[in-house]
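# An overview of the molecular structure
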Amino acid sequence: MSDLDFSTLETLSVTIDQHIAHIQLSRPEALNSMIPIFWHELPATVRKIDEQSAARVIVISSQGKHFSAGMDLSVFTQMGKDFVGEPARRGERMRRMVLELQDSFNALESVRMPVLVAMQGGVIGGAVDMVCAADSRYCTADTFFTIKETEIGMTADVGTLQRLPHLIPQGLVRELAYTGRNMGAVEAKECGFVNQVFADQQSLLEGVMKIAAKIASHSPLAVTGCKEMINYTRDHTVADALNYMAVWQTGMFQMPDIQEAMSAAKEQRKPVYEELHNKISGMQRK
Ligand SMILES: C/C=C/C(=O)SCCNC(=O)CCNC(=O)[C@H](O)C(C)(C)COP(=O)(O)OP(=O)(O)OC[C@H]1O[C@@H](n2cnc3c(N)ncnc32)[C@H](O)[C@@H]1OP(=O)(O)O
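Residues numbered from 1 in each chain as written. Predicted model: local features only at pLDDT ≥ 70, side-chain atom pairs only at ≥ 80, totals over all residues. Heavy atoms only, no water.

Between helix H9 (residues 220-235) and helix H10 (residues 238-252), the least distance of the axes is 10 Å, while the angle of their chain directions is 160°. With respect to each other, H9 and H10 are oriented roughly antiparallel. Here the hand of the crossing between H9 and H10 comes out right-handed. Within the contact between the two elements, H9 uses Leu221, Thr224, Gly225, Glu228, Met229, Tyr232 and Thr233 and H10 uses Asp240, Ala241, Tyr244, Met245, Trp248 and Met252. (Axes fitted to C-alpha atoms, helices over the stretch in contact; angles between N-to-C directions. Helix = DSSP H or I, 4+ residues; strand = E, 2+ residues; numbered from the N terminus. Parallel < 35°, antiparallel > 145°, perpendicular 65-115°, else oblique. Left-handed = near helix turned anticlockwise from the far one by under 90°. Contact = heavy atoms within 4.5 Å.)

Below you can see the structure in the form of structure tokens.
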């Protein structure tokens, strides 16, 4: 098991209760901007939650007026100082850095449980990259989404341009990316980027926690199978995905869980499922 201690995180706060892991971006005074350590803490936290097997669903929300202002602007200032020297080596260093940043949000896609995001206010730049990698998105009426990168002279590079075209129409992605304009909550709901818009932060969190609780009440193996299949289907042909489904099912058809679901329904009680197992100790990445 990873030795990450949630209580020492600088940019996040984490609670796990009733099979729901709640990760909050916890720097509201700095608009939850993404400082360097955030990019390490988020994937490490998600992977630790995965290893612990206590949670069956992850909810990400944030404290304060804005969900997140994206990359902290000081990072760009620092990069201007750091990225000097021989061009090819400088380029290779940049390539590695972008891959590492991408890996932080890939963690939301590769984690076994669904990730729901609850957003308010500005969801800017890197924050759009981040929420595109989640399973489902919810927001308050005052939320707006901005592919800010274009406006500050760069191409978004951490997943928005790769994932957003799978979530909303191509023409709209292109308009949002080329113009860098804000997309408000109503438009985000209309185009299917968010599932639901809530009046305020309190009703948002209550509503998202209800959805999370429903997910957590199901067999974690059945739910992880859904996530695996939906992710795979996005990136493959229907024929390949059907074939994978058939092979998956030969190993993952969960007779005990099906029997438990049926017994629980008959006896009018909540079903009790075995958790997914932890990794073999000593095999986890640090
Ligand atoms: C790989 C990822 C790439 C990226 O993420 S690229 C995008 C980087 N992010 C930005 O360019 C964010 C630009 N900021 C904004 O659009 C707006 O701001 C907000 C919508 C986030 C908030 O607007 P409002 O509520 O009107 O506040 P305010 O007066 O604009 O800002 C309050 C203070 O917050 C600082 N701030 C805003 N964003 C950032 C940031 N990303 N990193 C560091 N500081 C930030 C401002 O400068 C200011 O500071 P002071 O009060 O000292 O004037």
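Counting 56 residues, the largest nonpolar core has Ile58, Ile60, Phe67, Met130, Phe145 and Phe193 as the members making the most contacts within it. Setting aside residues up to four positions removed in sequence, Ile60 forms contacts with Ile23, Leu25, Phe67, Leu108, Val115, Leu116, Val117, Ala118 and Met130. In this structure, Val57, Leu116, Val208 and Val223 belong to the second largest nonpolar core, which totals 13 residues. (Core = buried A, V, L, I, M, F, W, Y, C linked by side-chain atoms within 4.5 Å. Buried < 20%, exposed > 50% of the residue type's maximum accessible area, 1.4 Å probe, protein only.)

Let us now look at the environment of Leu9. Relative to the helices and strands, Leu9 is located in the segment before strand S1 (12-17). Residues Leu9 and Phe38 lie 29 residues apart in sequence; the distance between their C-alpha atoms is 8.9 Å. Excluding its chain neighbours within four sequence positions, the residues that come into contact with Leu9 are Leu4, Val14, Glu41 and Thr45.

So, on to the pairing of strand S4 (residues 115-119). Within S4, five of the five residues are buried, which leaves it mostly tucked inside the rest of the structure. With burial as the criterion, each face of S4 is covered, one bearing Val115, Val117 and Met119 and the other bearing Leu116 and Ala118. Where S4 lies against strand S6 (residues 136-140), four bridges are found, and the strand directions are parallel. In the sheet register, Val117 faces S6, and the bridge partner there is Arg137. (Pairing = 2+ DSSP bridges.)

Neighbouring the ligand are 19 residues; Lys65, His66, Ala69, Met71 and Gly126 lie closest to it. A distance of 2.7 Å is found between an oxygen atom of the ligand and a side-chain nitrogen or oxygen belonging to His66. At a separation of 2.9 Å, a nitrogen atom of the ligand approaches a polar backbone atom of Leu73. Protein contacts shield 60% of the accessible area of the ligand, which totals 980 Å² for the unbound molecule. Across the shell around the ligand, the residue classes break down as nine nonpolar, five polar and five charged. (Near = heavy atom within 4 Å. Polar contact = N/O pair within 3.5 Å; in protein donor to acceptor, adjacent residues only side chain to side chain. Areas by Shrake-Rupley, 256 points an atom, 1.4 Å probe, with all protein chains shown as cover. Nonpolar A, V, L, I, M, F, W, Y, C, P; charged D, E, K, R; others polar.)

Attention now goes to the sheet that holds strand S2 (residues 20-25). Reading across the sheet, the six strands line up as S1-S2-S3-S4-S6-S9 and stay open at both edges, with mixed pairing between neighbours. Looking at which strands have only one partner, the edges of the open sheet turn out to be S1 and strand S9 (196-198). Taken over all neighbouring pairs, the strand axes of this sheet differ in orientation by 20° on average, direction set aside. As paired strands, S6 and S9 are joined by three bridges and run parallel to one another. By the bridge assignment for S9, Cys139 is matched with Val197.

Glancing now at the domain arrangement of the protein. Under the domain assignment used here, the protein contains domain 1 (12-216) and domain 2 (220-284). Summarising the inter-unit geometry, the C-alpha centres of domain 1 and domain 2 are found 26 Å apart. The interface is formed by 16 residues belonging to domain 1 together with 13 residues belonging to domain 2. A buried area of about 1300 Å², summed over both sides, lies between domain 1 and domain 2, and 44% of it is on carbon and sulfur atoms. The largest per-residue losses of area from domain 1 upon contact with domain 2 belong to Glu51, Arg56 and Arg112, which jointly make up 47% of the total buried on that side. Applying the counting rule to domain 1 against domain 2 returns three salt bridges. For the salt bridge of Glu109 with Arg234, the shortest nitrogen-to-oxygen distance reads 3.0 Å. Between the two partners, domain 1 and domain 2, sit eleven residue pairs in polar contact (both at pLDDT 80 or more). Of all elements in the fold, only helix H1 (36-52) and helix H3 (87-110) reach the threshold of two or more residues within the side of domain 1 that touches domain 2. (Domains from an automatic or database assignment. Buried area = accessible area lost by both parts, 1.4 Å probe. Salt bridge = Lys/Arg side-chain N within 4 Å of Asp/Glu carboxyl O.)

A few words on the environment of Ala246. Checked against the element boundaries, Ala246 lands in helix H10. Expressed as a C-alpha distance, the spacing of Ala246 and Leu164, which sit 82 residues apart in the sequence, is 28 Å.

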